[in-house]
Amino acid sequence: MSVENVIIIGSGPAGYTAAIYAARANLNPLVIEGYQSGGLLMLTSEVENFPGFPKGIQGPELMSHFRAQAERFGTRFIQKNVTDVDFSKSLKRVMIENEVHEAKTVIVSTGAATKWIGLESEQRFLGKGVSSCATCDGAFFRDAKLVVVGGGDSAMEEANFLTRFASHVTVIHRRDTLKASKIMQDRAKSNPKISFIWDTEVLEVLGDDAVKGCRVRNLKTGQVSEVPCEGFFVAIGHEPNTAFLKGKIDLDTKGYVVLNDRPTTKTSIPGVFAAGDVQDTVYRQAITAAASGCQAAIDVERYLESLH
Ligand code: NAP
């Protein structure tokens, strides 16, 4: 089995940028992209804040550019999920079911996945009116009444996007102030199709074959009521994709990879680096993920040089 210089796990902005830099440094990187390549931007519509695209660009199109640029310099790709890793020896082992790949270094850039409220009814109605992706599912809800849960940029973005199809969108938030950026808040608040229910948690998604509404409780008054809707969109943030790293590398209490020597991308294991949302609890932007992917590739280069 040949030993790779670097295996990059994950294929969002961080992973592909790491691949572009590593490939241009002649490291012949191998990217294990996962079954759903491209990361969270594949679920986004218009990206308006990625520098270099003054008119905006669709998320999937942006990711296809990232990938093509990595490929141009000789990156190799595997479209499967990593199932396990062994970082206990100096040669790192990355497993894809029974397939084993060995590498001198690894960049972990597996990003984050949708966070759910945690209701049994929420999972029961998945694909039957419950969704976490307005871009994917919004068009199924023409002239419908919709609910969006959350108070961050994701919730505002989803709510605004959904008004293209919906007759009305109700944002349900557990506080009386939003976490979203000012521009996203203003856009949502000035949209005549969007209204807000504040200080409120969702107790249950209601329906029989399909969603018909949700039962909610006002957290200040305790009053329980029902909000009719045909679609229920959850936009309450994300969780890092690190289940396969448990016990293999230092993670924080929320599961994010801990970086030991910021601003470098070094993890608790020499030769293993982390980039993008998997280690970022603060910024979580495509551009910051891409930047940390670049840093990780440079850290890899320096680490490999130090081995000689
Ligand atoms: P976020 O900023 O963490 O916001 C999550 C929201 O969901 C918060 O308002 C939070 O409430 C609420 N929430 C969390 N857990 C909940 C639960 N169990 N039940 C009910 N509500 C819950 O996440 P995000 O909106 O996904 O944004 C993540 C990052 O991506 C941010 O940095 C954001 O700026 C960025 N982003 C940017 C854009 C853009 O610029 N176009 C679009 C999307 C995301 P609390 O307020 O009470 O904490």
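Caption draft 1: How the structure looks around helix α1 (residues 13-24). Over its twelve residues, α1 extends 16 Å from the first C-alpha to the last, a length consistent with the 16 Å expected when each residue adds 1.5 Å. With ten of twelve residues buried, α1 lies mostly within the body of the structure. Among all positions of α1, only Pro13, Ala14, Gly15, Tyr16, Thr17, Ala18, Ala19, Ile20, Ala22 and Ala23 are buried. Along its buried surface, α1 packs onto β1 (3-9), β2 (30-32), α2 (59-72), β5 (76-78), β8 (99-108) and α7 (286-307). Trailing α1 by a residue or two, Asn26 shows a phi angle of about 65°, which is positive.

Caption draft 2: Examining the pairing of strand β16 (residues 224-228) more closely. Alignment of strand β15 (residues 211-218) against β16, held across five bridges, turns out to be antiparallel. In the strand pairing of β16, Val216 is matched with Ser225. Linking β15 back to β16 in an antiparallel pair, the connection comprises five residues, with Gly222 at a positive phi of about 80°.

Caption draft 3: How the structure looks around the environment of Pro228. With respect to the helices and strands, Pro228 occurs in strand β16. As a C-alpha pair, Pro228 and Ser154 span 74 residues in sequence and 22 Å in three-dimensional space. Excluding residues within four positions of it along the chain, Pro228 makes contact with Lys145, Lys212 and Gly213.

Caption draft 4: Structural view of the sheet that holds β16. One open sheet holds the three strands; their spatial order is β14-β15-β16, and the pairing between them is antiparallel. Each edge of the open sheet is held by one strand with a lone partner, namely β14 (200-207) and β16. Strand-to-strand twist of the sheet, defined as the mean angle between neighbouring strand axes without regard to direction, takes the value 30°. Relative to β15, β14 is paired through seven bridges, and the arrangement is antiparallel. Opposite Val202, over in β15, you have Val216 as the bridge partner.

Scoring rules and cut-offs
Residues numbered from 1 in each chain as written. Predicted model: local features only at pLDDT ≥ 70, side-chain atom pairs only at ≥ 80, totals over all residues. Heavy atoms only, no water. Helix = DSSP H or I, 4+ residues; strand = E, 2+ residues; numbered from the N terminus. Expected span 1.5 Å × (residues − 1). Buried < 20%, exposed > 50% of the residue type's maximum accessible area, 1.4 Å probe, protein only. Contact = heavy atoms within 4.5 Å. Pairing = 2+ DSSP bridges. Axes fitted to C-alpha atoms, helices over the stretch in contact; angles between N-to-C directions.

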